[in-house]
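Survey of secondary and tertiary structure
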Amino acid sequence: MNIKKVLVSQPKPLSERNPYQEMADKYGIEFDFRQLIHVEGLEAREFRLQRINPLDYTAVICNSRLAIDHYFRMCEEMRLQVPDTMHYYCISEAVANYLQKYIQYRKRKVFFAEHNRFEELLPAMNRRPNEKYLFVTSDVHTTELIDMFHEHNIEIKPAIMYRTVPSEWPKDEPFDHNMVVLFTPTGVTALKKNFPDIKQGDKIIAAFGANTATALEEIGIKADILAPTPDCPSITTAINRYLEAHVS
């Protein structure tokens, strides 16, 4: 099988030593890292339609650095002064440390999960039964996290402060990739928007997540490579397994 160019709809890894580079060297393949989607912040006037006042809450739940950026951006646009008493519950230590861009970091008001699981923060939350939580999120999100907190009698308010939108593919640039790697249903939407007449043909399609695979099916495309699975927990493992079997 002649696979020479692969589109990966994610940013290029920061380290030169990564699984994609290893496959590029092993199989003589070019990996083209191109995000098909990008994030836009909601304007304050749009956010106000949700009838949420960020200062009505005593704590902010942050699942990414992006959420932190847009929380403080929105407060600034709304001319709100975030109080020093605000608490922050973060998905990881790296996200928690990012808060130092905006606040004076104090452990008594910043909590983070050691292993990237919000369930780890439940004990700290239970010690503060009067806390009111604002969950900063995008327009594309699942209810799993909200449901998990509700199961533990912790009410959180989702606040959409940014949206994920398709990026435009340059009109003078060919779409000549033999394989396309997609990670989200929004990425599938972006692919269809940029190439409305797309047919699978001999293109190999890799999908991360069942929702991404379902979104592909809805536009008439089948995922040839799927992760995670018990044998292939990562998309790079799944791609490598496919290349081992099909590229001589």
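Criteria and cut-off values
Residues numbered from 1 in each chain as written. Predicted model: local features only at pLDDT ≥ 70, side-chain atom pairs only at ≥ 80, totals over all residues. Heavy atoms only, no water. 1 Å grid on protein atoms, 1.4 Å probe; cavity = no way out; pocket = protein on both sides within 12 Å on 5 of 7 lines; lining within 4 Å. Points joined across faces, edges and corners; volume = space filled by probe spheres on them. Helix = DSSP H or I, 4+ residues; strand = E, 2+ residues; numbered from the N terminus. Nonpolar A, V, L, I, M, F, W, Y, C, P; charged D, E, K, R; others polar. Buried < 20%, exposed > 50% of the residue type's maximum accessible area, 1.4 Å probe, protein only. Axes fitted to C-alpha atoms, helices over the stretch in contact; angles between N-to-C directions. Parallel < 35°, antiparallel > 145°, perpendicular 65-115°, else oblique. Contact = heavy atoms within 4.5 Å.

Our next topic: the layout of surface pockets. There is about 1,200 Å³ of room inside the largest pocket. Sorting the residues of the lining of the largest pocket by element identifies β3 (37–41), β7 (133–138), α6 (144–151), β8 (156–166), α7 (185–194) and α8 (210–218) as the ones contributing at least two each. Within the lining of the largest pocket, the residues separate by chemical class into 15 nonpolar, 18 polar and 2 charged. Contributing to the lining of the second largest pocket are 14 residues, with F72, Q81, V82, Y102 and I103 lying nearest its centre. Ranked by residues supplied to the lining of the second largest pocket, first place goes to helix α3 (residues 65–77) with 3 residues. Looking at the lining of the second largest pocket, its residues break down into 8 nonpolar, 2 polar and 4 charged.

Cis peptide bonds are those with omega within 30 degrees of zero, and the linkage from A227 to P228 qualifies with 0°. Located in the positive-phi region is R51, a residue other than glycine, with phi close to 55°. Classification of R51 as exposed rests on a relative accessible area of 80%. Of note in the backbone geometry, N116 takes a positive phi value of approximately 60° without being a glycine.

Right, let's get into the packing of helix α1 (residues 19–27) against helix α9 (residues 235–246). Running from N to C, α1 and α9 cross one another at 10°; their axes reach a closest spacing of 10 Å. Taken together, α1 and α9 sit at an angle that is classed as roughly parallel. Taking contact as the criterion, the partners of P19, Y20, M23, K26 and Y27 in α1 are, on α9, I235, T236, I239, N240, L243 and E244. Split by residue class, the contact of α1 with α9 holds 7 nonpolar, 2 polar and 2 charged.

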